Amino acid sequence: DRLFRELNTDVSLRVEETESADCFKVSGRGELHLSVLIENMRREGYEFAVSKAEVLYKTDERGKKLEPMELVYVDVPEEFSGTVIQKLSLRKGELQGMSVASSGYTRLEFCIPSRGLIGYRGEFMTDTKGEGVLNTVFDSYRPYMGEIPTRTVGSLVAFESGTAMAYGLFNAQERGTLFIDAGVPVYEGMVVGVSPKAGDINVNVCKKKHLTNTRASGSDDALRLIPYKRMSLEESLEFINDDELVEVTPKTIRIRKKILDNDLRAKEDAKRRKQNA
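Colleague: Tell me about unusual backbone geometry, and name the residues and values.
Modeller: If you check the backbone angles, Lys92 has positive phi at about 70° while not being a glycine. Within the secondary structure layout, Lys92 lies in the loop between helix H3 (81-90) and strand S6 (94-100). By relative accessible area, Lys92 is classed as partly exposed at 29%. Residues other than glycine seldom take positive phi values, yet Lys129 does so here, at roughly 55°. Residue placement: Lys129 occurs in the loop between helix H4 (121-127) and strand S8 (133-143).

Colleague: Account for the pairing of strand S9 (residues 154-158), with residues named and values stated.
Modeller: When you tally the buried positions in S9, you get five out of five residues, the bulk of the element. The pairing of S9 with strand S13 (residues 190-195) spans four bridges and is antiparallel. For Leu156, the partnering residue across the bridge sits in S13 and is Gly193. Sheet topology places S9 next to strand S14 (residues 201-203); three bridges connect them, and they run parallel. In the strand pairing of S14, Val157 is matched with Asn202.

Colleague: Help me get a handle on the side chain of Gln173, residues and values and all.
Modeller: Along the polypeptide, Gln173 turns up in the loop between helix H5 (166-172) and strand S11 (177-178). Not counting residues within four places of it along the chain, the set of residues in contact with Gln173 comprises Leu178, Arg224, Leu225 and Ile226.

Colleague: So, the packing of aromatic side chains: which residues are in play, and what are the values?
Modeller: Each aromatic ring pair is summarised here by two numbers: the centre-to-centre distance and the angle between the ring planes. The full count for this structure, using the stated rule, is five aromatic pairs. Residues Phe4 and Phe24 carry aromatic rings whose centres are separated by 6.2 Å and whose planes lie at 85° to one another, so their mutual orientation is edge-to-face. In this pair, Phe4 sits in helix H1 (residues 2-6) while Phe24 sits in strand S2 (residues 24-27), placing the two residues 20 residues apart along the sequence. When the ring of Tyr57 is compared with that of Tyr144, the centres are 5.9 Å apart and the planes differ by 70°; the resulting orientation is edge-to-face. With Tyr57 in the loop between strand S3 (48-50) and strand S4 (58-59) and Tyr144 in the loop between S8 and S9, the pair connects residues that are 87 residues apart, well separated along the chain. Of the residues examined, Tyr57 reaches a relative accessible area of 36% and is grouped as partly exposed. Directly above the ring of Tyr57 sits Lys65, whose terminal nitrogen or CZ lies 4.2 Å from the centroid. Here the guanidinium or amino end of Lys65 rests over the ring plane of Tyr144, the centre of that ring lying 4.3 Å away.

Colleague: Now, about the environment of Thr249: what can you tell me, with residues and values included?
Modeller: Looking at the element boundaries, Thr249 is found in the loop between strand S15 (244-248) and strand S16 (253-257). For Thr249, a relative accessible area of 9% puts it in the buried group. In the structure, Thr249 is positioned 40 residues away from Lys209 in sequence and 32 Å away in space, judged by C-alpha atoms. Aside from chain neighbours lying at most four places away, what touches Thr249 is Arg42, Tyr46, Glu47 and Arg254. A distance of 2.9 Å separates the side chain of Thr249 from the backbone nitrogen of Thr252, its partner in a polar contact.

Parameters at a glance
- Residues numbered from 1 in each chain as written.
- Predicted model: local features only at pLDDT ≥ 70, side-chain atom pairs only at ≥ 80, totals over all residues.
- Heavy atoms only, no water.
- Helix = DSSP H or I, 4+ residues; strand = E, 2+ residues; numbered from the N terminus.
- Buried < 20%, exposed > 50% of the residue type's maximum accessible area, 1.4 Å probe, protein only.
- Pairing = 2+ DSSP bridges.
- Contact = heavy atoms within 4.5 Å.
- Phe/Tyr/Trp six-rings, centres within 6.5 Å; stacked < 30°, edge-to-face > 60°.
- Lys NZ or Arg CZ within 6 Å of the ring centre and 35° of its normal.
- Polar contact = N/O pair within 3.5 Å; in protein donor to acceptor, adjacent residues only side chain to side chain.

As structure tokens, then:
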């Protein structure tokens, strides 16, 4: 009811029912448009899970698959232009123009599939140290350009349910960057961090340090935890993979696997790899 009520005031939104009574397909004008709706509903007290955003495809009269393309205008300091060109080229972007702007900035013009920009803005801000400006405008529908390698990192996934402990987090932070602090309730299948390497890693952040009667030198030193990365709603929506969801509640925003059980998820991954082989 809340989703369909939104259609009364937002003419650019579309809500469709699916085969499941608990699942709805919501279409809008991009990640920002959808994230505004998600944040409004979260503040109103709703709880729900959101899958990774996808673009809308079309087919021509010959049945050929078409995808939306966008023109991208990027203004970045000259020293970051090479990184931006490399990243957008990997996402099927075609460089159409390059010029030197004022104050040491370079303007780049790309034509790129819309799906190539999903999850890129956060990476763009990191690569340009927050100094880059990126604007896009819809161009046209063109023939499908093939698979695009987007996310190159993996997830740190909680192995069991419980409360995150400092000792467990101390061991897990060696594998990557954490999203949570000590004392946070976690559950099996919850994403608690990001690994710099491709592929997911199961970690036990609920692990406690076993007490012994003997004390080794330095064993009582306080464990030092690296400050965790607090993921915003927009960052979470950009980060998730096809097999993950953003869990939205009035108090928290979490990332989780669609299949929570570790064994079932491993079997599904093995089956998927076998099909792609």
